[in-house]
Amino acid sequence: MNKAGERLYNGIVKENPTFVLMLGMCPTLAVTTSAMNGLGMGLTTMAVLALSNLFISLLRKVIPARVRIPAFIVIIASFVTIVQLLLEAYLPQLNKSLGVYIPLIVVNCIILGRAEAYAYSNPPIPSLFDGIGMGLGFSFALTCIGAVRELLGTGKVFGCSVMPDSFVPIRIFGQAPGAFFVLAMLVALQNLIKEKRKKAGKSYEKIGSGCSEDCMNCSDKGCSRRFYDADAGDSRKEEKPAEEKTEQEKSADLEILNLEKEEK
Amino acid sequence: MSELYKVSSNPHIRSKVTTNGIMMSVIIALMPATGFGIFNFGPRALAVILVTVASTVLTEFLFGLYRKKMTITDLSAVVTGLLLALNLPVTIPLWMAALGGIFSILVVKMLFGGLGQNFMNPALAARCFLLISFPTAMTAFDCDAYTGATPLAALKAGEQVNIMEMVLGRTAGTIGETSVIAIIIGACFLILIGVIDLRIPGSYIVTFVLFVGIFGGHGFDPAFLTAQLAGGGLMLGAFFMATDYVTRPITVKGQYLFGIFLGIMTGIFRIFGPGSEGVSYAIILGNLLVPLIEKVTKPVAFGYGKGGKHHE
């Protein structure tokens with residue numbers, strides 16, 4: 001598989017931002033009251049994600065590591081503004097139903113996460129496809145959640161009635177608790193499918209993107225160290241000398257210990 | 001020392017009380033309320049009860065088959081189904097009652113690890129699920145026997161209610177909540193055989209009376225207070241739901257705190273809330289706070305000073 005295709009597959013299946021990475025939960029739970037809203041939110045995010053990934057990747061050698069987060073935010077915010085103005089002009093209905101969640105795309109952690117974990121350290125074309133892949137994965141997940149909630153909560157999918165007339169809508173699915181139920185069930189379902197396919201011998205190893213470690217248990221490796229290490233500079237280049245240094249220190253410590261033992 | 005002692009790990013003292021036995025006694029204690037509900041609302045009440053119990057038991061059975069760990073014999077599914085049915089109006093469509101039963105066992109209990117792991121009372125969680133999902137069906141108390149609002153709704157609207165009928169249970173309401181006498185008979189049985197004690201129900205009811213007396217707008221008017229106590233699911237909730245072993249605090253102080261919290265929340269829901277009833281929401285909110293309450297009220301072990309610090 002070539003690089004671009006690999007990024008797409010990674011974003012949609014292996015590292016699906018909603019079902020696997022569990023990122024961007026706020027819009028996921030809030031706007032998925034219908035399939036249309038979910039799809040709209042997903043595609044809007046995808047447009048911003050792809051463009052911001054591309055531009056951050058193009059500018060990655062210019063942006064200093066210390067101020068990269070503000071720089072990312074400025075780039076992302078510009079694209080969000082452009083997308084919001086376009087939506088207002090051409091899809092006012094969608095813009096109205098998504099409301100405040102469009103400007104909030106600026107602080108969507110998927111976008112910042114991909115910028116930090118992938119685009120900032122990879123060339124433009126794979127970054128663009130990483131953005132598209134992640135965006136498609138996000139759109140797919142939101143559309144699924146929206147469709148299930150719309151079906152159970154109102155008996156429709158994409159606004160068309162599909163249930164028989166005797167169906168009584170289960171209103172809880174149109175409200176906040178329903179979003180949690182549906183998300184949990186869909187995550188469980190996709191885990192079940194993956195487990196089965198894993199047993200059948202299909203690989204679901206994540207492709208290393210960024211640090212490829214899980215963020216929850218990340219202490220000093222991966223991206224978190226760049227937040228705390230003020231002298232990080234270009235962190236990737238400095239990592240190696242730092243490790244060598246510690247090894248030297250260790251051997252020095254050992255020598256001191258040995259000396260102490262000999263003295264005793 | 002030639003003889004070898006038998007070595008085993010703790011616990012060394014075993015009680016004869018079993019989960020099965022406790023569940024059975026709760027079922028027996030619920031019988032007066034169930035019987036009165038069927039007598040009061042007619043055969044349809046029996047149908048609702050049977051459907052709900054069947055759905056909970058069947059869900060537990062199927063889940064047990066799937067997980068290859070059968071827990072159906074502990075009777076807890078029967079208790080959950082019975083309690084849920086007693087919390088439903090008699091006119092509810094039977095498929096809704098079955099859906100509630102499936103939700104209570106599958107989502108609230110089994111998915112969290114089965115009996116003992118559920119973080120809130122399954123029956124009440126299912127009732128709230130149904131109440132949010134089908135607000136009209138769940139608050140339609142018109143049936144053959146009674147038309148019109150529940151006594152609590154009438155009370156909230158400022159109308160007069162017949163307290164004697166409320167205590168006896170000849171009023172509109174959910175299947176099992178109407179008769180205070182039937183519930184008290186069951187509760188006395190449970191207290192006498194030691195399955196529950198008065199800590200949670202007592203502190204719950206006393207706090208509720210004080211709260212309603214102070215904020216209810218009628219002062220400590222005995223008629224109003226009695227109507228508030230006898231109306232709605234307060235008695236059923238206080239004696240049978242709040243005392244659920246899994247979802248109540250295990251510390252003694254914590255149980256009093258839990259009861260006080262429930263009393264205040266129920267008072268707030270009833271007096272300041274938009275609806276006339278709030279027992280089920282108050283109890284599941286309290287269930288969510290149980291880990292916190294237990295953490296705060298953890299008793300200090302013998303030999304340790306204040307704040308759990310060891311004496312030097």
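Refer to the structure presented above.
Residues numbered from 1 in each chain as written. Chains lettered and ligands numbered in written order. Predicted model: local features only at pLDDT ≥ 70, side-chain atom pairs only at ≥ 80, totals over all residues. Heavy atoms only, no water.

Caption draft 1: The pattern of salt bridges, seen in detail. Residue and element names in this part refer to chain A. All chains considered together, the criterion is met by six salt bridges over all chains. For the salt bridge of Asp-130 with Arg-7, the shortest nitrogen-to-oxygen distance reads 2.8 Å. Here Asp-130 is found in helix H7 (residues 124–154), whereas its partner Arg-7 is found in helix H1 (residues 3–14), with 123 residues between them in sequence. Like Arg-7, Asp-130 is buried. The salt bridge involving Arg-114 is made with Glu-15; its shortest N-O contact spans 3.8 Å. Note that Arg-114 is positioned in helix H6 (residues 109–117) and Glu-15 in the loop between H1 and helix H2 (25–30), a separation of 99 residues in sequence. Three or more residues are tied together by salt bridges with common partners; here these are Arg-7, Glu-15, Arg-114 and Asp-130. (Salt bridge = Lys/Arg side-chain N within 4 Å of Asp/Glu carboxyl O. Helix = DSSP H or I, 4+ residues; strand = E, 2+ residues; numbered from the N terminus. Buried < 20%, exposed > 50% of the residue type's maximum accessible area, 1.4 Å probe, protein only.)

Caption draft 2: Representation of the interface of chain B and chain A. Across the contact, twelve residues belong to chain B and nine residues belong to chain A. Where chain B abuts chain A, roughly 800 Å² becomes buried across the two surfaces, and 80% of that area is made up of carbon and sulfur atoms. When the area that chain B buries against chain A is broken down by residue, the three leading residues are B:Phe129, B:Ile132 and B:Ser133, summing to 44%. Taken together, the connections running from chain B to chain A amount to zero salt bridges. Taken together, chain B and chain A are joined by one residue pair in polar contact (both at pLDDT 80 or more). With five residues, the single largest contributor to the side of chain B that touches chain A is helix H4 (residues 94–109) of chain B. Considering only residue class, the side of chain B that touches chain A consists of eleven nonpolar, one polar and no charged. (Contact = heavy atoms within 4.5 Å. Buried area = accessible area lost by both parts, 1.4 Å probe. Polar contact = N/O pair within 3.5 Å; in protein donor to acceptor, adjacent residues only side chain to side chain. Nonpolar A, V, L, I, M, F, W, Y, C, P; charged D, E, K, R; others polar.)

Caption draft 3: Region of interest: the environment of A:Ile82. Residue and element names in this part refer to chain A. The residue Ile-82 is located in helix H4 (residues 68–90) in this model. What makes Ile-82 partly exposed here is its relative accessible area of 46%. In the structure, Ile-82 is positioned 27 residues away from Phe-55 in sequence and 14 Å away in space, judged by C-alpha atoms.

Caption draft 4: Quick look at unusual backbone geometry. Although it is not a glycine, A:Met22 sits at a positive phi angle of roughly 55 degrees. Structurally, A:Met22 is set in the loop between H1 and H2. Even without being a glycine, B:Leu75 presents a positive backbone phi close to 70 degrees. With respect to the helices and strands, B:Leu75 occurs in the loop between helix H2 (43–67) and helix H3 (76–86).

Caption draft 5: Quick peek at empty space enclosed by the protein. Residues and elements named next belong to chain B. On inspection of all chains with the given rule, the structure shows one cavity of 30 Å³ or more. Of the pockets and cavities examined, the largest cavity occupies roughly 70 Å³. Residue lining of the largest cavity: Asn-87, Leu-124, Arg-127, Glu-177, Gly-233, Gly-237, Met-241, Glu-277, Val-279, Ser-280 and Ile-283, and that is the complete set. Going through the elements one at a time, helix H5 (122–133), helix H12 (234–241) and helix H14 (279–296) are the ones with two or more residues in the lining of the largest cavity. Top element by residues in the lining of the largest cavity is H14. It accounts for three residues. (1 Å grid on protein atoms, 1.4 Å probe; cavity = no way out; pocket = protein on both sides within 12 Å on 5 of 7 lines; lining within 4 Å. Points joined across faces, edges and corners; volume = space filled by probe spheres on them.)

Caption draft 6: Spotlight on helix H10 (residues 199–215) of chain B. All names here are of chain B. The end-to-end C-alpha separation of H10 is 24 Å, in line with the 24 Å expected for 17 residues at 1.5 Å each. Residues of H10 that are buried include every one of Ile-200, Pro-201, Ser-203, Tyr-204, Ile-205, Thr-207, Phe-208, Phe-211, Val-212 and Gly-213, and no others. For H10, the secondary structure elements touched by its buried residues are helix H11 (222–230), H12, helix H13 (252–272) and H14. Looking one or two places after H10, you find Gly-217, whose phi comes out positive at around 90 degrees. (Expected span 1.5 Å × (residues − 1).)

Caption draft 7: Quick peek at the nonpolar core. B:Val26, B:Leu30, B:Leu88, B:Ile92, B:Phe240 and B:Ile283 are the most contacted members of the largest nonpolar core, which has 89 residues in total. A per-element tally of this core places helix H1 (residues 19–41) of chain B first, with nine residues. In this structure B:Val26 touches B:Val79, B:Leu190, B:Val195 and B:Phe240, once residues within four positions along its chain are discounted. Counting residues in each nonpolar core, the second largest holds 27 residues, with A:Leu94, A:Leu98, A:Ile105 and A:Leu142 among its members. (Core = buried A, V, L, I, M, F, W, Y, C linked by side-chain atoms within 4.5 Å.)

The analysis is restricted to geometry; functional conclusions fall outside its scope.
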